[in-house]
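This is what each chain is made of:
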Amino acid sequence: MEKGLLIVFSGVSGVGKGTILKELMAMEDLNLAYSVSMTTRQPREGEVEGVNYFFVSKKRFLEAVKKGELLEHARFVDNDYGTPKAYVEQMREAGKNVVLEIEIRGAKQILKKCPDALSIYIVPPSMEELEKRLKERKSEDEQTIMKRISKAKKELKEIDFYEHIVCNDDLATAVEEIRQIILNEMNK
Ligand code: 5GP
């Protein structure tokens, strides 16, 4: 069986990555598997252990890093995030196209290790729209939102190493664009 693709999917906080991914994951012909990350962040309302993240202590996270259990890891606004290696390998061996929803420094580490990974970055139509969406989400306090926005501004200057940059102005259009990118890569 052919090994599945490794798909690096990034975008600034609040850009709508979660919503886009949910739609893509439901498309059976894309044959996707979502890699659940490990994080030291506290769960948000409605987030489920093992579905959204593996929520761990700092001690457990550092142990995973030390033991080489993570394919990549990075710190993002006061918390640590990392991709468990074993699941990614198993799923790719089983022919699944594995999606990593990770931030930019983790993406760089992945592309260094696996240069053939497909990389997609989602941008917002404008910074004003991004701020509006983050505020509407109501999942962070004002100070965290401002930190995330300032992070987004810096991050957007460094995204040219991604192979594909997709603007999430209209959800359906963005989903379709990414769907075609993945289908193209699968047919190569
Ligand atoms: P959030 O706290 O909003 O769930 O995630 C914050 C940022 O961390 C997002 O940009 C998300 O893509 C990123 N992220 C989530 N999991 C991982 C991971 O395993 N590794 C890295 N490098 N970033 C991650």
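Data block above holds the structure.
Let me begin by describing the structure that accompanies this report. Along each chain, residue indices are assigned from 1 in the same order as the chain's sequence is written. Reporting in this predicted model follows two pLDDT cut-offs: at least 70 for local features of residues, and 80 or more for side-chain atom pairs to be given and counted; totals over whole chains, interfaces and linings ignore these cut-offs and use all residues. Based on all heavy atoms of the structure, the side-chain values leave hydrogens and waters out of the count.

### Brief notes about the site of the ligand
Then step 1. In this text, near means that some heavy atom of the residue lies within 4 Å of the molecule or strand in question. In the vicinity of the ligand, 16 residues are found, and the nearest of them are Ser37, Arg41, Tyr53, Tyr81 and Glu101.
Then step 2. Polar contacts, as counted here, are pairs of nitrogen or oxygen atoms within 3.5 Å of one another; within protein the pair requires one atom able to donate a hydrogen and one able to accept it, and residues that are adjacent in sequence qualify only if both atoms are side-chain atoms. Arg44 places a polar side-chain atom, nitrogen or oxygen, 2.8 Å from an oxygen atom of the ligand.
Then step 3. The side chain of Glu103 places a nitrogen or oxygen atom 2.7 Å from a nitrogen atom of the ligand.
Then step 4. The method behind every accessible area is Shrake-Rupley, applied with a 1.4 Å probe, and residues are considered shielded solely by the protein chains displayed. Relative to its free-state accessible area of 500 Å², the ligand is covered by the protein chains to the extent of 95%.
Then step 5. Assessed atom by atom at 2 Å from the grid points, the ligand resides in the largest pocket.
Then step 6. Numbering of helices and strands runs from the N terminus; a helix is a DSSP stretch of H or I covering at least four residues, while a strand is a stretch of E covering at least two. Counting residues per element, the ones that place at least two in the shell around the ligand are strand 5 (70-76) and strand 6 (79-84). Definitions used for this entry: grid spacing 1 Å over protein atoms alone; cavity, a set of points where a 1.4 Å probe fits but cannot get out; pocket, an open set with protein on both sides within 12 Å along at least 5 of 7 lines; lining residue, one with an atom within 4 Å of a point. To decide whether a molecule occupies a pocket or cavity, check its atoms: if more than half lie within 2 Å of the grid points, it is inside.

### Here's the deal with the packing of helix 5 (residues 127-137) against helix 6 (residues 142-155)
Then step 1. Following both chains from N to C, one finds helix 5 and helix 6 inclined at 150 degrees, their axes separated by 10 Å at the closest point. Between helix 5 and helix 6, the crossing angle belongs to the class labelled roughly antiparallel. Handedness of the crossing formed by helix 5 with helix 6: right-handed. Where helix 5 approaches helix 6, its residues Met127, Leu130, Glu131, Leu134, Lys135 and Arg137 are matched on the opposing element by Glu142, Ile145, Met146, Arg148, Ile149, Ala152 and Lys153.
Then step 2. By residue class, the composition of the contact of helix 5 with helix 6 is seven nonpolar, no polar and six charged. In this analysis, axes come from line fits to C-alpha atoms, helices being fitted only over the stretch in contact, and the angle between any two N-to-C directions falls in the range 0 to 180 degrees. Roughly parallel here means an angle under 35 degrees, roughly antiparallel means over 145, roughly perpendicular means 65 to 115, and every remaining angle is called oblique. Take the far helix as the reference: if the near one is turned anticlockwise from it by less than a right angle, the crossing is left-handed, and if turned clockwise, right-handed. Pairs of residues are marked as contacts when any of their non-hydrogen atoms sit within 4.5 Å. For this scheme, ten residues count as nonpolar: Ala, Val, Leu, Ile, Met, Phe, Trp, Tyr, Cys and Pro. Four count as charged, namely Asp, Glu, Lys and Arg, and the remainder, Gly too, count as polar.

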